[in-house]
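# Descriptive structure summary
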Amino acid sequence: MKATAWIAINVFRESVRDKVLYNLVFFAILLIAASYLIGQLTAGQDVKIIKDLGLAATSIFGLFIAVFIGIGLVSKEVERRSVYSLLAKPIHRYQLLIGKYCGLVLTLVVNISIMAAALYVVLAYMSWGVSPAAARIWDAPALDPALLKAASLLLAELSIVTAIALFFSTFSTPMLSAAMTFGLYIVGHFTNDLRNFADLVDSPAAARLARGLSWALPNLAQFDVRADVVHGVPVAFGYMGLACLYAAVYVAMLLAISVLVFSRRDFK
Amino acid sequence: MPALATFELTKDYAIGFWRKRPYRALHGLTLEIAPGEVFGFLGPNGAGKTTTLKLLMQLVFPTSGRAEILGRPLGDLSVKRRIGYLPEHPYFYDYLTAEELLTYFAGLFGYSGADRRARASRLLDEVGIGAERRMQLRKFSKGMLQRVGIAQAILNDPELVIFDEPMSGLDPLGRRDVRSLILRLRDRGCTVFFSSHVLSDAEALCDRVAILARGRLAAMGRLTDMLPFRARGWELVVAGVRDDTVAALGNRVRRAVRLSEGHYLLDLPPDSLPERLVGELTAGGASLTSLNPIRQTLEEFFVEHVTAPEAAGAPRGLEPRAGRRP
C-alpha cells in the first residue's frame, strides 16, 4: 500500500512538470476566458454560453490529459525501459500499475479543479455588478454550485478513460493505445444508441451482439450533465452516486484485467 | 549457499507476424555464483546475456528451468530488497532530478525521509555526479545516466548486484571509476554479476567468467584456469645488435622482426631460456629494451570459444582446450 502510494505521488510529481500538461491547462483556461468574449455577442445568454463553453473546454482538455498522459504511464515506460529499474525494486507489478493509475487520477483532480476555478473566476467577473433584476432572467445563478456536480461527473468519466488508456498501454504501443482509447471514448457516448439498436433489429444474433456490446462498452453519456447544469435542471445526488458507483466498478474491472495482462508480460 | 544459481534455464521467444515461430534465446543455462565473487558474463551480441539477466530480474519469464537468488526462488520480494540491478542503457524519468529519482527509489525500499535523502546524496557523490544532483535527468548525457543507473542499483547496500553492460556509454575515466566501484563492492562482500563486451574489464575484475554463444554456455571457469600462467613464448626486444648476429640465432628464435637499424623484436619459443640469450646478446654489445612472456589473452580465448562449432551445439567441457596450452 505504501509503495503504491509512493508510486502515485511520483507519477503526480512527474506529470505536473510535463510541459504537455501545462500547455493543455493553459489552453483550457484561455478558452474559458475567451468564452467571456463570446458571451458578449449574445443577448442575455452570456452566463449560459460561458458555462457551456467553460465546461466543454474542461471536458476536452481533461480528455487530452487523461489520454496523452495515461498512455504514457506504462507503454512509454516500457518503450524507454525505465520500467526495468522500477520492477527490480521490492514491488509487485500490480502495485506499479495501480500506483500509476492513482497518480494520474490525482493529476486529473488537480487540473480539473484548476479549470473549474478558472471558470468560476470568469463567471464571477461576468456577474459582478449585475443587478438582481437582470440576474433573474438567468436559468441558474452565475456562481451555481451545480457546476461542481458537472465537474465531479466529468472526473468520474475521465477516471474510466484513464483506466482504458492504462489497459491498452499494458500491451500496446503509445500511438495505438491513444487511437483505441479515443475510439472507445467516442463509442462510449453512443452505448445507449447501441441498446436501442438491439431493440430495433430483426436478427436475434445481431440484437444479442448489440446488447452484449452495450453492456461491455463503457456508458460515458451518463456522465455528461452539462446541458442540465447550464439550464438549471437539478442533478440528483442519487443519480450522481449511481454514476460514480458505475465508474468505480468499471475502473476496478479494467484495472483487474490490466493487472492480469501486465503481470505475465515479457519485457523484451 | 550460492549467491545465484540457475538450473537448465531456458527462454523461447515467439517471433514472426503471428508469433508462431519459436526462437530459443537461451538454452538450458546452468551456473552457480558463490557469495563475494565477481563474475563476468561474456558473449557477443545476441548471445543471450541480457535475456539471462532479465530472467533473473523477472522482466521476462522462463520457458523452462528455474533460478535461485540468495537461496530463494525468483520473484520473492524479500530477495529484491537485498539485490540491485542496472539494466542495459538505463533510462529514467525526464522531469525528475537525479536526487529525486534516487529518493523515489529509496522510498520503494521503505527507507525513512532522512535516510532516503542521505543515501541519495552519498551515492550520487560515490558515482561522481554529486554536483548535478538537482539537474533534471533529461539534461543528462548517456554516461551520466549510466552513473545514475549504477547509483540506483546500489541504493540498498545490496548483497548481490547484477549489472548489464556497466561500462556502456562511459568514457575512459568513467570506466575506471566503475571498475574501482566494482572492486569496492567486492571488498564490502557484495557479489557482483555483470555482463560485458569489454574483455579487458572482465580480465581486470573477475574471479570467474562464463562465455555465452548463441544462447549456450560455451565455457565457464576461473580466469587463472582459462588463461594459464605459463608463457606460450617470449617477446624480446633488443637494440644495438648486428644483422648477422640475429641470422646466426637460427631456430633459437621463432621469428625475428627488424624494427629499425640494429633494433630487433625476437619471438622466442617457451623453452628457449631467454635469460641465456639476453646474456649472449648483451655480451656482444647489444642492449636489452624489453623482455615479456607471451600468454593467451581472454580475447583469444573468447574468440576461440565463441567461434568454435561446438558453441552452437550442446554445452561442452568447461575447461579450456588442452591443445591450445603451450
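What you see as residue numbers is a count from 1 along each chain, following the sequence as written. Working convention: letters from A go to chains and numbers from 1 go to ligands, in the order in which they are written. Restriction of local features to residues with pLDDT of at least 70 applies here, the model being predicted, together with a cutoff of 80 or more for giving and counting side-chain atom pairs; totals for whole chains, interfaces and linings are based on all residues.

All names here are of chain A. With respect to the helices and strands, Glu-157 occurs in helix 7 (residues 146-169). With 26 C-beta atoms packed within 10 Å, Glu-157 lands in the buried category. Along the sequence, Glu-157 and Pro-141 sit 16 residues apart, while their C-alpha atoms lie 25 Å from each other. Ignoring any residue separated from it by four or fewer positions in sequence, one finds Glu-157 in contact with Leu-220 and Phe-223. Helix and strand assignments follow DSSP, with helices taken as H or I runs no shorter than four residues and strands as E runs no shorter than two, numbered in order from the N terminus. Think of it as a crowd count around each C-beta: if 20 or more other C-beta atoms lie within 10 Å the residue is buried, if 12 or fewer it is exposed, and in between it is partly exposed, with C-beta placed from the backbone throughout. Residue pairs qualify as contacts under a 7 Å threshold applied to their C-beta atoms, which are placed from the backbone.

Residue and element names in this part refer to chain B. Among the five residues that make up strand 3 (residues 38-42), five are buried, leaving the element largely enclosed by the rest of the structure. Where burial is concerned, the two faces of strand 3 agree: the one with Val-38, Gly-40 and Leu-42 and the one with Phe-39 and Phe-41 are both buried. Two strands make a pair as long as DSSP finds a minimum of two bridges between them. With five bridges joining them, strand 3 and strand 8 (residues 191-196) adopt parallel strand pairing. Within the sheet, the bridge partner assigned to Phe-41 lies in strand 8 and is Ser-195. Where strand 3 meets strand 9 (residues 208-213), four bridges bridge the pair, whose relative direction is parallel. Along strand 9, the bridge assignment pairs Leu-42 with Ile-211.

Bringing the pairing of strand 11 (residues 233-239) of chain B into the picture now. Residue and element names in this part refer to chain B. Where strand 11 lies against strand 14 (residues 287-294), seven bridges are found, and the strand directions are antiparallel. When the sheet's bridge partners are listed, Val-238 is paired in strand 14 with Leu-288. Taken together, the five bridges between strand 11 and strand 13 (residues 263-268) define a ladder with antiparallel strand orientation. Within strand 13, the position partnered with Val-238 by the bridge is Tyr-264.

Shape descriptors only; they carry no functional weight alone.
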